[in-house]
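Residue strings, one per chain:
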Amino acid sequence: MKVALFGASGATGKLLTQRCVAAGFDVTALLRAPETFPQRDHIHSIRGSAFDPAAVRQTIEGADVVLSALGANSLKKEDVLERAVPQIIAAMQQTSTHPKPVRRIIVLGSAGALPTSLDKQPAWRRWIVQNIVYNTFLKWPVASQISQWNNLSRSGLDWTMVMPPMLTNTPAHGHYRIDGDALPPNGSRISREDVADFMMQQIDSPQWIRKGVYITW
Ligand SMILES: NC(=O)c1ccc[n+]([C@@H]2O[C@H](COP(=O)([O-])OP(=O)(O)OC[C@H]3O[C@@H](n4cnc5c(N)ncnc54)[C@H](OP(=O)(O)O)[C@@H]3O)[C@@H](O)[C@H]2O)c1
């Protein structure tokens, strides 16, 4: 299996990298600073930014699947997903006439990406999350995730957007709730380990193709 990986140096990306290596996959990772990334067999690093169309094309070339755990380094307006996701989609679409088109992409999203995200929450919690969290200090990350959703859903690709609430760096539970319609009731956090496991499972599963899927403890 050939995997193109975006955001490999990030907190969830490192976990995806470990899982790809353990599975014996060949990984091509686009990295802004490959010298800070551990060199390992089966990992081919490309130096560059996900905003650079040529570097993105090089990264996805020949891939069976694209994984992305891209994100901003702060809560400020950085437009990482706004700029990178269209480049990744365009590079994948450009392979449509190739003998082996690159069609499958699994991305790390977030629970705030859709207006219906909070439909299964109790009213008090919905009000607090929407007004105190999504509309204020997570305003820009949420805007980025809305953009990622809009771009993927219009792409015609075989995309899956995995949408967790707050991510933790604690161990995996190995079990969690998933829902295609809205964040499960009172879902408030999940570990990156569990999210990475679920993203890896999507490589071989058609269940959530062209869909978003909420995941929470
Ligand atoms: N934190 C939460 O509680 C939470 C909850 C739900 C969803 N999310 C979503 O999860 C994602 C972040 O996950 P995370 O915290 O695991 O990641 P992270 O540690 O913030 O890592 C982000 C990754 O994106 C890379 N990146 C950013 N801009 C890039 C560019 N122009 N070119 C190439 N690479 C670039 C970074 O590379 P460098 O190493 O070069 O910086 C890094 O590898 C975000 O999309 C966020 O909205 C977060």
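Residues numbered from 1 in each chain as written. Predicted model: local features only at pLDDT ≥ 70, side-chain atom pairs only at ≥ 80, totals over all residues.

- Per an unreviewed UniProt entry, the protein is named NAD(P)H-binding protein, and its organism is Tunturiibacter psychrotolerans.

1. Let's talk about the overall build of the protein
Phase 1 of the analysis: Assigned secondary structure in the protein consists of six helices and ten strands.
Phase 2 of the analysis: For the protein, whose C-alpha radius of gyration is 17 Å, the value lies close to the compact-globule estimate of 17 Å for 217 residues.
Phase 3 of the analysis: Across its three principal directions, the C-alpha atoms of the protein cover 50 × 35 × 30 Å.
Phase 4 of the analysis: The buried share of the protein, reckoned over its 217 residues, is 41%.
Phase 5 of the analysis: The long-range share in the protein, meaning contacts at least 24 apart out of those at least 6 apart in sequence, stands at 69%. (Helix = DSSP H or I, 4+ residues; strand = E, 2+ residues; numbered from the N terminus. Rg over C-alpha atoms; globule rule 2.2 N^0.38 Å. Buried ≥ 20, exposed ≤ 12 C-beta atoms within 10 Å, placed from the backbone. Contact = placed C-beta atoms within 7 Å.)

2. Considering the site of the ligand
Phase 1 of the analysis: Gly10, Thr12, Ala50, Gly71 and Ser110 are the nearest of the 26 residues found near the ligand.
Phase 2 of the analysis: Of all elements in the fold, only helix H1 (11-22), helix H3 (80-93), helix H5 (139-153) and strand S7 (166-168) reach the threshold of two or more residues within the shell around the ligand.
Phase 3 of the analysis: Looking at the shell around the ligand element by element, the count peaks at three residues for H1.
Phase 4 of the analysis: A class-by-class count of the residues in the shell around the ligand yields 14 nonpolar, ten polar and two charged. (Near = placed C-beta within 6 Å. Nonpolar A, V, L, I, M, F, W, Y, C, P; charged D, E, K, R; others polar.)

3. Section: the sheet that holds strand S3 (residues 43-47)
Phase 1 of the analysis: If you trace the eight strands from one edge of the open sheet to the other, you get S3-S2-S1-S4-S5-S6-S10-S8, paired in mixed fashion. Looking at which strands have only one partner, the edges of the open sheet turn out to be S3 and strand S8 (177-179). Pairwise comparison of adjacent strand axes, ignoring direction, gives a mean angle of 20° for this sheet.
Phase 2 of the analysis: One ladder, built from five bridges, connects strand S2 (residues 26-31) with S3; its direction is parallel. Following the sheet pairing, Thr28 is matched in S3 by His44.
Phase 3 of the analysis: Relative to the sheet, H3 contacts strand S1 (2-6), strand S4 (65-68) and strand S5 (104-108), its axis offset from that of S4 by approximately 180°. (Pairing = 2+ DSSP bridges. Axes fitted to C-alpha atoms, helices over the stretch in contact; angles between N-to-C directions.)

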